[in-house]
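Descriptive structure summary
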There are 2 protein chains.
Amino acid sequence: MPPDASQPKVHRQVVDQLGRLIVGGSLAPGDALPSEELLAGQLVVSRSALREAMKVLGAKGLIESRQKTGARVRERRFWHQLDADVLGWRFATMPTQAFIAELVEMREIIEPAAAAAAAQKRDRAQLATIAAAYQAMAQAGDRDEWAKADAEFHSAVLNAANNELMSSLFNVIATALHGFFLLSARASDDFKYSLPQHFKVYDAIRKRSAPRARMAMQKMVDDSRRHLQHTGGIA
Amino acid sequence: MPPDASQPKVHRQVVDQLGRLIVGGSLAPGDALPSEELLAGQLVVSRSALREAMKVLGAKGLIESRQKTGARVRERRFWHQLDADVLGWRFATMPTQAFIAELVEMREIIEPAAAAAAAQKRDRAQLATIAAAYQAMAQAGDRDEWAKADAEFHSAVLNAANNELMSSLFNVIATALHGFFLLSARASDDFKYSLPQHFKVYDAIRKRSAPRARMAMQKMVDDSRRHLQHTGGIA
DNA sequence: CAAATCTATTTGTACGACAATATAGTTTTA
DNA sequence: TAAAACTATATTGTCGTACAAATAGATTTG
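Residues numbered from 1 in each chain as written. Chains lettered and ligands numbered in written order. Predicted model: local features only at pLDDT ≥ 70, side-chain atom pairs only at ≥ 80, totals over all residues. Heavy atoms only, no water.

Another point: the interface of chain A and chain B. Contact residues are listed per partner, giving 35 residues for chain A and 35 residues for chain B. Between chain A and chain B, roughly 2900 Å² of surface is buried when both sides are summed, and carbon and sulfur atoms account for 58% of that area. Ranking the residues of chain A by area buried against chain B places A:Glu52, A:Glu164 and A:Leu165 at the top, with a combined share of 23%. Summed over the shared surface of chain A and chain B, the number is eight salt bridges. Linking B:Arg90 and A:Glu164 is a salt bridge whose minimum nitrogen-to-oxygen distance equals 3.4 Å. Where the side of chain A that touches chain B is concerned, the elements lending two or more residues are helix 3 (47-59), helix 4 (84-93), helix 5 (97-121) and helix 8 (164-178) of chain A. Among the residues making up the side of chain A that touches chain B, the classes are represented as 14 nonpolar, eight polar and 13 charged. (Contact = heavy atoms within 4.5 Å. Buried area = accessible area lost by both parts, 1.4 Å probe. Salt bridge = Lys/Arg side-chain N within 4 Å of Asp/Glu carboxyl O. Helix = DSSP H or I, 4+ residues; strand = E, 2+ residues; numbered from the N terminus. Nonpolar A, V, L, I, M, F, W, Y, C, P; charged D, E, K, R; others polar.)

Around DNA strand C there are 23 residues in total, and A:Val10, A:His11, A:Ser46, A:Gln67 and B:Arg51 lie nearest to it. A share of 62% is what sugar and phosphate atoms reach among the atoms of DNA strand C within 4 Å of the protein. Going through the elements one at a time, helix 1 (10-24) and helix 3 of chain A together with helix 3 (47-59) and strand 2 (70-73) of chain B are the ones with two or more residues in the surface near DNA strand C. Of the residues that constitute the surface near DNA strand C, the class distribution is four nonpolar, eight polar and 11 charged. (Near = heavy atom within 4 Å.)

This part is about the relation of the copies chain A and chain B. Expressed as a screw operation, the relation of chain A to chain B combines 0.0 Å of axial shift with a rotation of 180°, fitting to an RMSD of 0.0 Å. Viewed as a symmetry operation, the transformation between the two copies matches a two-fold axis. Both copies contact each other with a shared surface, as 100% of the interface residues of chain A are interface residues in chain B too. (Least-squares fit on C-alpha atoms with pLDDT ≥ 70 in both.)

All names here are of chain B. A rise of 1.5 Å per residue sets the reference length of helix 6 (residues 124-138), with its 15 residues, at 21 Å; its end C-alpha atoms lie 21 Å apart and thus fit the reference within 8%. Among all positions of helix 6, only Gln126, Leu127, Ile130, Ala133, Tyr134 and Met137 are buried. Seen from one end, helix 6 has its buried residues packed into an arc of 120°, which puts them on one side. Facing away from the buried side of helix 6, by more than 90 degrees, are the exposed residues Arg124 and Ala125. (Expected span 1.5 Å × (residues − 1). Buried < 20%, exposed > 50% of the residue type's maximum accessible area, 1.4 Å probe, protein only. Arc of directions from axis to C-beta.)

On to the side chain of B:Glu52. By the secondary structure assignment, B:Glu52 is in helix 3. Residue classification places B:Glu52 among the buried positions, given a relative accessible area of 8%. Dropping the residues within four chain positions of it, B:Glu52 is found in contact with A:Arg51, A:Glu52, A:Lys55 and B:His11.

Looking now at the packing of helix 5 of chain A against helix 5 (residues 97-121) of chain B. Running from N to C, helix 5 of chain A and helix 5 of chain B point in directions that differ by 145°, and their axes come no closer than 10 Å. The chirality of how helix 5 of chain A crosses helix 5 of chain B is right-handed. Here helix 5 of chain A contributes A:Glu105, A:Ile109, A:Ala113, A:Ala117 and A:Lys121 to the contact with helix 5 of chain B, which in turn contributes B:Glu105, B:Ile109, B:Ala113, B:Ala117 and B:Lys121. Looking at side-chain class alone, the contact of helix 5 of chain A with helix 5 of chain B contains six nonpolar, no polar and four charged residues. (Axes fitted to C-alpha atoms, helices over the stretch in contact; angles between N-to-C directions. Left-handed = near helix turned anticlockwise from the far one by under 90°.)

Our next topic: helix 2 (residues 36-43) of chain B. Residue and element names in this part refer to chain B. Among the residues of helix 2, Glu36, Leu39 and Ala40 are the ones counted as buried. Mapping the buried residues of helix 2 onto a view down its axis gives an arc of 100°, with all of them on the same face. Exposed positions of helix 2 whose direction lies more than 90 degrees from the buried face are Glu37, Leu38 and Gln42. On the buried face of helix 2, the contacting elements are helix 1 (10-24) and helix 3. Two residues or fewer after helix 2 comes Val44, characterised by a positive phi angle close to 60°.

Looking at DNA strand D, there are 23 residues lining it, with A:Arg47, A:Arg51, B:Val10, B:His11 and B:Gln67 nearest. Of everything in DNA strand D that lies within 4 Å of the protein, sugar and phosphate atoms constitute 65%. Here a phosphate oxygen of DNA strand D and a backbone polar atom of A:Glu36 are 2.9 Å apart. Residue B:Gln67 places a side-chain N or O atom 2.3 Å away from a sugar or linking oxygen belonging to DNA strand D. Of all the elements in the fold, those that place two or more residues in the surface near DNA strand D are helix 3 and strand 2 (70-73) of chain A together with helix 1 and helix 3 of chain B. Looking at the surface near DNA strand D, its residues break down into four nonpolar, eight polar and 11 charged. (Polar contact = N/O pair within 3.5 Å; in protein donor to acceptor, adjacent residues only side chain to side chain.)

What follows is the structure in structure tokens.
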């Protein structure tokens, strides 16, 4: 009994189909979609289900519907680029080096800033959560355990910054990068090689030293980039 | 003939109503919404319109619907905090100092990083756009002209960073801050006092000096914060 | 007591009808 | 002729109803 074996609902499937078409470029900004009646016929779904899907796409900034004129694909600058689905569709249709670079750049901006903020604003419980994640990393027996604890560590740091906007942003970025196994710089043999660097981040946050926390996280992020360049990236 | 006098559609109104209730805390995470039939009756709308609204709220991470169980408010960590509507509802219901501080903090993280990236990646046309905005600032005759050109300048810098994720993020943050007139540090009498600082940003980007661009923007942002603290904030 | 079955509730999908709106064309008017 | 007012018409928006699908909870059964 797989935990998520429920077949996807129709409207969700339509959201995915149209989303991919738009983000993938098959439907360009300015293009008009077929009328709801027509499109529903083409996709073999009811107009009700189609409309629910269109509203969702509208909520993501991808399309705009107006009476008489119909629905049109909006310009890219209106797209909610930080929406998880939109990111996913970009991944599915254009996993280019440039796109990955954008994600990595965002990560490199957020994490050092978050570490600095965490050093200033973290409370005791949040520090404890970071410490627990660090312990789990130290005791990790294999790559999977390490990866899990590593993700928790970074998530805990973000949480300790006490800024929901920042957390939400990192959440999206990290999830997307996770899809490419690009979050942690995983050395082939010694997967724990970055443990000391993580300790420095933790220690700086513990001592409430924002500059040191920022620098330590910056170094970690730089290492990650160096590693990426070594392996030549993916796409 | 006001440009946007069209009465808001029903499903949009429902999205707003429920969105405010949830973000405002009247409906807490974990709470169950009434069944669609009931809720439609309470709001005096058809089930169809209500469902379209619920799908939109689901797309924003606010609620989750399941058969038999009904719809429930999701935990805050799932909310799309960077969605323009969600930000708007937070504004409408909880314009607290803490929330504004989160927005300002995000801005302070993004803009210096964006200036640095722009210095490295901008092309000629993007530089020209920044220059044009700067010129408009220099020639601004009143506060409104200045504010408009100022917004264009910052937007142009973000655009020159050539990272759609960053642009999208800044767009949302800046729009929200604009709602509070908190984007630019507007001195009461000399509204052009930050012009030289803007020039430094432009000049560094022109000379492709990332460090100087970052520092110049950082200083601008710091000034803005200092000014905020002087005036004691708003909410 | 555990497993299988049934039942009732709620969302999901489909269909049909009409209202509201905005475009494009048509007619009227100055 | 040009501008203004009107009219047709395509398309989305809203409503209501019926039924399908899923699933939590009660019931039966071994």
